[in-house]
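Structure assessment
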Amino acid sequence: MFYFYFSMISSASQRLCGRITNSYVSAILSKGETLFLQGIFLTGEDPAGPVNLAMTWKEGEDDPWYIVTDQAANQGTLTDY
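Worth saying up front: this structure is predicted, and the values here are computed from it rather than measured. (Residues numbered from 1 in each chain as written. Predicted model: local features only at pLDDT ≥ 70, side-chain atom pairs only at ≥ 80, totals over all residues. Heavy atoms only, no water.)

1. Observations regarding the overall build of the chain
Filter applied, for reference: Under the DSSP-based scheme used, a helix requires at least four consecutive residues in state H or I and a strand at least two consecutive residues in state E, with every element numbered from the N terminus. Between buried and exposed lies partly exposed: a residue is buried under 20% and exposed over 50% of the maximum accessible area for its type, with that area taken using a 1.4 Å probe on protein chains only. In what follows, residue pairs with any heavy atoms lying within 4.5 Å of each other are defined as contacts. Here, Shrake-Rupley sampling with a 1.4 Å probe gives the accessible areas, and only protein chains in the shown set may cover a residue.
Scanning the chain from terminus to terminus reveals 2 helices and 4 strands. Secondary structure elements of the chain occur, N-terminal to C-terminal, as β-α-β-β-β-α. When the 81 residues of the chain are sorted by exposure, 30% land in the buried category. For the chain, the proportion of contacts with a sequence separation of at least 24, taken over those separated by at least 6, is 49%. Here the chain displays about 5,100 Å² of accessible surface, and carbon together with sulfur accounts for 51% of that area.

What follows is the structure in structure tokens.
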């Protein structure tokens, strides 16, 4: 069985869910924190989903990481990626 994990660059996340933008993520996710979202849609010209999202903002990094997967997004997502 095949599963997918891929990262998104910050500019791509501006279209995430149609409402979650970089400024929104910055407001709810501080450096050193991690957040997991399940069953979301990536919006844009061709919406994709539902997918799951792991977001983490490591100390020393300029931007958060966004990892999209078809598996449950949890700490294991970050470990696997």
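From this point, the narrative continues.
2. Description of the confidence of the model for the chain
Heads up, the condition is: Confidence of the predictor at the level of single residues is captured by pLDDT, which takes values from 0 to 100.
In this model, the chain carries an average pLDDT of 75, and 63% of its residues clear a pLDDT of 70 or more. Summarising per-element confidence for the chain, the mean pLDDT is lowest in helix 1 (residues 22-28) (60) and highest in helix 2 (residues 75-80) (90).

3. Side note on the side chain of Thr 69
What counts, and what does not: Identification of polar contacts relies on pairs of N or O atoms within 3.5 Å, with a donor-acceptor requirement for protein atoms, meaning one able to donate a hydrogen and the other able to accept it, and with residues adjacent in sequence counted only if both atoms are side-chain atoms.
Mapped onto the secondary structure, Thr 69 falls in strand 4 (residues 65-69). At a separation of 3.0 Å, a polar atom in the side chain of Thr 69 contacts the main-chain amide nitrogen of Gln 71.

4. A few points about the pairing of strand 3 (residues 48-56)
Quick note on the threshold: Between any two strands, pairing holds if DSSP finds at least two bridges.
Where strand 2 (residues 34-42) meets strand 3, 6 bridges bridge the pair, whose relative direction is antiparallel. Within the sheet, the bridge partner assigned to Leu 42 lies in strand 3 and is Ala 48.

5. Section: the packing of aromatic side chains
Rules: Ring pairs are drawn from Phe, Tyr and Trp, using the six-membered ring of Trp, whenever the two centres fall within 6.5 Å, and their geometry is named by plane angle: stacked under 30 degrees, edge-to-face over 60, tilted for the rest. Two thresholds decide whether a charge sits over a ring: the Lys NZ or Arg CZ must be within 6 Å of the ring centre and within 35 degrees of the ring normal.
Here the structure, examined in full by the defined rule, presents 0 aromatic pairs. The ring of Trp 65 has Lys 58 lying over it, and the distance from NZ or CZ to the ring centre is 4.6 Å.

6. Digging into the environment of Ile 40
With respect to the helices and strands, the residue Ile 40 is situated in strand 2. With relative accessibility at 9%, the residue Ile 40 sits in the buried group. As for Ile 40 and Asn 52, which are separated by 12 residues in sequence, their C-alpha atoms are 6.1 Å apart.

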